[in-house]
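Architecture and fold: a report
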Amino acid sequence: MARLKFPKLPTWAPWFAGRLLTGLGVVVAISIVVFASTQALPSDPARIILGPEASEATIAVLREQLGLNKPIVVQYLSWAGQMLSGDLGRSIDSNVPVGELLRSRFANSLLLTACVALTALPLALALGVWLALRRDTTTDRLALGALVLLKAVPGFAIAILLVMLFSTSVFKVLPAASLLDPDRGLLSQWRYLVLPTVTLALSIAPYLLRLVRASMIEVLESDYVAAARLRGIPERRIVWRHALPNALIPAIQGVAMTLRVLFGGALIAEVVFSYPGIGNTLNAAIEMRDMPMIQAIVLVITVGIVAINLAADLATVLLTPRLRTAGRIKARAPGLRHALRLGRGQIRPRYAR
């Protein structure tokens, strides 16, 4: 009788399983912190629901119905069970299911994040490679100075400047407020997305561009690139086939960090342009002490950030042959550690400016 042959797992599978368990532990820890923090807020959900004129007896009955008189551990376990079942609770402010309210807001934020990523990432990649190939030239120095200046400008200042240029008496071609119509398709309202997208793209592009440039320079100065030049390989092929894939490894971590910020809600752009995204919704929920809304938003953002981190670390391993084929990937493997630290800005390449 022939033996059944099971497919062989990749060598990085145990490492990824460990990272996945760590991510789940982070989600659980954050959920505990979020629940405890919202419980510590100086407000009573029962009184908020019934209003300030409600009697103490009525408030006590509602607290019992909501389970607010139970021990905090029991309340947390009940809340966590609801989260796992997909029940995010009801908003205290509007008495509408939280999931129903967040569905459209998350769709708006994801669309804005996608627009920013599709704008900033190709721009940073192309210009970063272009500047790396012209290192120490006048063009490179002027571009680096402009990038440092742009990075120093606050995001709200960029947003206000764009509104003044394109939504007032100067050009007046784009709306100043992104008041999306929920009855229309998001893409059909593209004019409302232009200014928030440009604002966020200009805010994150300098960091990504300098990261790609620095990483590309480091790769172009490596020994294997020098050996490829000695073998007579054309420069174009060296840049696009050999140097760029390796330069993207630390850039992946930079992209992941940028996406974490955007996924968490680009609050400045959303507030300035009145964009109905998740950041604006979280800000309003905090002002209203809407605890179910706050808890659900923070928990979903946490899951999204953990997923982005896992995807970035996995992409780093898959793009690094030494790590991809290693028999065992340590949590602090030198190659992965270097890529992570470089991508997060904790170290600078030798030729970074």
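This one's a predicted model, so the numbers in the text were calculated from it and none came from an experiment. (Residues numbered from 1 in each chain as written. Predicted model: local features only at pLDDT ≥ 70, side-chain atom pairs only at ≥ 80, totals over all residues. Heavy atoms only, no water.)

For the rest of this paragraph, the subject is helix H1 (residues 13-39). Along its 27 residues, H1 runs 39 Å from first to last C-alpha, staying within 8% of the 39 Å computed at 1.5 Å per residue. Listing the buried residues of H1 in full gives Ala13, Trp15, Gly23, Val27, Ser31, Val34, Phe35 and Thr38. (Helix = DSSP H or I, 4+ residues; strand = E, 2+ residues; numbered from the N terminus. Expected span 1.5 Å × (residues − 1). Buried < 20%, exposed > 50% of the residue type's maximum accessible area, 1.4 Å probe, protein only.)

Moving on: the side chain of threonine 197. Relative to the elements of secondary structure, threonine 197 occurs in helix H8 (residues 191-220). The exposure class of threonine 197 is buried, given its relative accessible area of 8%. In contact with threonine 197, not counting residues within four places along its chain, are Leu112, Cys115, Val116 and Thr119. (Contact = heavy atoms within 4.5 Å.)

All right, on to a nonpolar patch on the surface then. On the surface, Phe156, Ile160, Met164, Ile268 and Val272 cluster together into a nonpolar patch covering about 430 Å² of accessible area. Elements with a minimum of two residues in the nonpolar patch: helix H7 (155-166) and helix H11 (267-272). At three residues, H7 tops the list of elements feeding residues into the nonpolar patch. In this structure, isoleucine 160 sits in helix H7. Isoleucine 160 gets classed as partly exposed once you look at its relative accessible area, which sits at 42%. (Patch = residues over 30% accessible without salt bridge, like charges linked within 9 Å, V, L, I, M, F, W, Y side chains within 5 Å. Areas by Shrake-Rupley, 256 points an atom, 1.4 Å probe, with all protein chains shown as cover. Salt bridge = Lys/Arg side-chain N within 4 Å of Asp/Glu carboxyl O.)

The next thing to look at is the packing of aromatic side chains. Using the criterion set out here, one finds three aromatic pairs in the structure. Consider the rings of tyrosine 76 and tryptophan 79, whose centres lie 5.9 Å apart with planes at 45°: the pair is tilted. A residue pair is termed a helical-turn pair when its members lie 3 or 4 positions apart in one helix, as tyrosine 76 and tryptophan 79 do in helix H4 (residues 72-84) at three residues. One exposure class covers both tyrosine 76 and tryptophan 79, and it is buried. Grouped by ring-pair contacts, the aromatic residues Phe35, Tyr76 and Trp79 constitute a single cluster. (Phe/Tyr/Trp six-rings, centres within 6.5 Å; stacked < 30°, edge-to-face > 60°.)

Trp79, Leu88, Val98, Leu102, Met293 and Ile297 are the most contacted members of the largest nonpolar core, which has 21 residues in total. For this core, the elements supplying multiple residues, two or more each, are H1, H4, helix H5 (98-132), helix H12 (278-288) and helix H13 (291-319). A total of eight residues in this core trace back to one element, the largest contributor, which is H13. Residue contacts for valine 98: discarding those within four places in its chain leaves Leu88, Gly89, Arg90, Ser91, Pro292, Met293 and Ala296. Core analysis: the second largest hydrophobic core is formed by 18 residues, Ala120, Ala159, Val163 and Leu174 among them. (Core = buried A, V, L, I, M, F, W, Y, C linked by side-chain atoms within 4.5 Å.)

As a further point, take the environment of valine 198. Within the fold, valine 198 resides in helix H8. Counting along the chain gives 82 residues from valine 198 to valine 116, while the straight-line C-alpha distance between them is 7.3 Å.

The next point concerns unusual backbone geometry. Even without being a glycine, aspartate 136 presents a positive backbone phi close to 70°. Among the structural elements, aspartate 136 can be located in the loop between H5 and helix H6 (138-152).

Summarising the element assignment, alanine 176 is placed in the loop between H7 and H8. With relative accessibility at 34%, the residue alanine 176 sits in the partly exposed group. Distance from alanine 176 to tyrosine 192, taken between C-alpha atoms, is 8.1 Å for residues 16 residues apart in sequence.

Tracing the chain through its elements places leucine 102 in helix H5. Note: C-alpha distance between leucine 102 and isoleucine 297 (195 residues apart in sequence) is 7.9 Å. For leucine 102, the residues in contact, after removing those within four places along its chain, are Leu88, Ile278, Thr281, Met293, Ala296 and Ile297.

Before going further, it helps to examine the confidence of the model for the chain. Of all residues in the chain, 81% have pLDDT values of 70 or greater, and the mean over the chain is 78. Helix H15 (residues 334-343) is the least confidently modelled element of the chain, averaging 48 in pLDDT, while H6 averages 89, the highest of any element. In the predicted structure, residues 342-353 sits below a pLDDT of 50 and forms 34 contacts with residues beyond four places in sequence or in another chain. (pLDDT = per-residue confidence, 0-100.)

It is worth spelling out the packing of H1 against H13 at this point. With their axes 10 Å apart at the nearest point, H1 and H13 run at an angle of 160° to one another. Looking at the two axes, H1 sits roughly antiparallel to H13. In this structure, the crossing between H1 and H13 has a hand that is right-handed. In the contact of H1 with H13, the residues fall into 17 nonpolar, seven polar and two charged. (Axes fitted to C-alpha atoms, helices over the stretch in contact; angles between N-to-C directions. Parallel < 35°, antiparallel > 145°, perpendicular 65-115°, else oblique. Left-handed = near helix turned anticlockwise from the far one by under 90°. Nonpolar A, V, L, I, M, F, W, Y, C, P; charged D, E, K, R; others polar.)

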